Amino acid sequence: MGRVEGKVAFITGAARGQGRAHAIRLAQEGADIIAIDVCEPINAVPYDPATEEDLAETVRQVEALDRRIIATKADVRDMAQVQKAVDDGVAQLGRLDIVSANAGISGRPNRSEDIPDDEWSDMLDINLSGVWRAVRASIPHLKAGGRGGSVVLTSSDAGLFAYENISHYVSAKHGVIGLMRTLALELARDMIRVNAICPTTVDTDMVQNDAIYRLFRPDLENPGKQDFADAAIQMNALPIPWVEAVDISNALLFLASDEARYITGVALPVDAGAAVK
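Computed from a predicted structure; not experimentally measured.

Before going further, it helps to spend a moment on the environment of Ala-14. By secondary structure assignment, the location of Ala-14 is in the loop between strand 1 (8-12) and helix 1 (17-28). Residues Ala-14 and Met-1, 13 residues apart in the sequence, show an inter-C-alpha distance of 22 Å. Leaving out residues up to four positions away in the same chain, Ala-14 has contacts with Gly-19, Arg-20, Ala-35, Ile-36, Asp-37, Leu-55 and Thr-58.

This paragraph deals with unusual backbone geometry. When glycine is set aside, most residues are seen to have a negative phi, and most peptide bonds are trans. Of note in this structure, Cys-39 is not a glycine but carries a positive phi near 55°. Tracing the sequence through the fold places Cys-39 in the loop between strand 2 (32-37) and helix 2 (52-63). Its identity as a non-glycine residue notwithstanding, Ala-272 has a phi of 55°, on the positive side. Within the secondary structure layout, Ala-272 lies in the segment after strand 7 (267-270).

So, about the sheet that holds strand 6 (residues 192-199). Strand pairs in the sheet, formed through backbone hydrogen bonds, run parallel or antiparallel to each other. If you walk across this open sheet you meet the seven strands as 3-2-1-4-5-6-7, and the pairing is parallel. Because the sheet does not close on itself, it has two edges, and the strands there are strand 3 (69-73) and strand 7. Averaged over all pairs of adjacent strands, the angle between strand axes in this sheet comes to 15°, irrespective of strand direction. Looking at chain direction, strand 4 (residues 98-101) and strand 5 (residues 149-154) are connected through four bridges and run parallel.

Where helix 4 (residues 117-145) meets helix 5 (residues 167-187), the closest approach of the two axes is 8 Å, and the angle between their N-to-C directions is 15°. Taken together, helix 4 and helix 5 sit at an angle that is classed as roughly parallel. The interaxial crossing formed by helix 4 with helix 5 has right-handed handedness. Every residue of helix 5 that contacts helix 4 at Glu-119, Trp-120, Met-123, Leu-124, Asn-127, Leu-128, Val-131, Trp-132, Val-135, Ile-139 and Lys-143 is listed here: Ser-167, His-168, Tyr-169, Ser-171, Ala-172, Lys-173, Gly-175, Val-176, Leu-179, Leu-183 and Leu-187. Tallied by class, the residues present in the contact of helix 4 with helix 5 amount to 14 nonpolar, five polar and three charged.

Further remarks concern the layout of surface pockets. By volume, the second largest pocket is sized at about 240 Å³. The wall of the second largest pocket is formed by 14 residues, among which Arg-147, Gly-149, Met-191, Arg-193 and Asp-258 lie closest to the centre. Taken together, the residues of the lining of the second largest pocket sort by class into three nonpolar, four polar and seven charged.

The next subject is the side chain of Arg-20. Considering the arrangement of structural elements, one finds Arg-20 in helix 1. A distance of 3.1 Å separates a polar atom in the side chain of Arg-20 from a polar atom in the side chain of Thr-58. Excluding residues within four positions of it along the chain, Arg-20 makes contact with Gly-13, Ala-14, Ala-15, Asp-54, Glu-57, Thr-58 and Gln-61.

Turning our eyes to something else, we now look at the nonpolar core. Within the largest apolar cluster, 59 residues are counted, with the highest numbers of intra-cluster contacts made by Phe-10, Leu-96, Ile-105, Val-151, Leu-153 and Val-194. Counting residues per element, this core draws most heavily on helix 5, which supplies ten residues. Setting aside residues no more than four positions away along its own chain, Ile-105 makes contact with Ile-42, Ala-44, Val-45, Tyr-47, Asp-122, Met-123, Ile-126, Asn-127, Tyr-169 and Met-206.

With that out of the way, let us pick up the pairing of strand 5. Strand 5 sits mainly inside the fold: six of its six residues count as buried. Of the two faces of strand 5, the one lined by Gly-149, Val-151 and Leu-153 and the one lined by Ser-150, Val-152 and Thr-154 are each fully buried. Handedness of the crossover joining strand 4 and strand 5 through helix 4 is recorded here as right-handed. Two strands pair when backbone bridges link them, and strand 5 and strand 6 are joined in this way by six bridges, in the parallel orientation. Note on strand 6: the bridge partner recorded for Val-152 is Asn-195. In this fold, strand 5 hands off to helix 5, which returns the chain to strand 6; that crossover is right-handed.

Each value, and the rule that gives it
- Residues numbered from 1 in each chain as written.
- Predicted model: local features only at pLDDT ≥ 70, side-chain atom pairs only at ≥ 80, totals over all residues.
- Heavy atoms only, no water.
- Helix = DSSP H or I, 4+ residues; strand = E, 2+ residues; numbered from the N terminus.
- Contact = heavy atoms within 4.5 Å.
- Pairing = 2+ DSSP bridges.
- Axes fitted to C-alpha atoms, helices over the stretch in contact; angles between N-to-C directions.
- Parallel < 35°, antiparallel > 145°, perpendicular 65-115°, else oblique.
- Left-handed = near helix turned anticlockwise from the far one by under 90°.
- Nonpolar A, V, L, I, M, F, W, Y, C, P; charged D, E, K, R; others polar.
- 1 Å grid on protein atoms, 1.4 Å probe; cavity = no way out; pocket = protein on both sides within 12 Å on 5 of 7 lines; lining within 4 Å.
- Points joined across faces, edges and corners; volume = space filled by probe spheres on them.
- Polar contact = N/O pair within 3.5 Å; in protein donor to acceptor, adjacent residues only side chain to side chain.
- Core = buried A, V, L, I, M, F, W, Y, C linked by side-chain atoms within 4.5 Å.
- Buried < 20%, exposed > 50% of the residue type's maximum accessible area, 1.4 Å probe, protein only.
- Right-handed = clockwise from strand over helix to strand, strands pointing away.

See below:
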């Protein structure tokens, strides 16, 4: 216990899924949390959005661990909202040590020539530019602390290789890897480490929805969760269809802790061996 004791982490997309799991896991190990989520529908997203009640539940679970959390409804597409959330959180909690640029969406599957312009724009604005905004807002606070820090960007196995029919998602996640590598060089002199996590499918609402089921099972008219599982298991080397959010959180915790003090510029797959299959 206490692997990030006394530190403060900023987490985007914290209302549910991987973001909530990250907040809880870091809080279990002693961190206080600055959390944001948009908590409203996004046109490009074909599943129910996180809600303000979801964000409140994240707050409840972190506070149940006797840690502090400052949670704000904010959109990573809006730099002013992100900056204000980070600034206010640091003002109340006193420091910033860890950044988890986690907020992201999956979209409707389409051939590249059939992706609507607004859905392409939303995907890139959230999954790539939103990651950059989270880091941009955080860098002054990380530097001001003079203690170094850890920035972890959420990419995907789709940031390492291609998948058909989701070129907007693949493009954004490849961009996150390039951003991570550049930031790792730019921030190294301040002992701020920057890495990326590349999950396979994770058992969250972003994956467990009809659009993803159809992406993986275009051969079926109305595929369900088990149909998706039958296809997803073929993608991984280990015989499982998906990992759990806490598996990603455990990797984040390692990268955020002093155990990884000399690890930077790494794209870490947490993917049941999908990247080597």
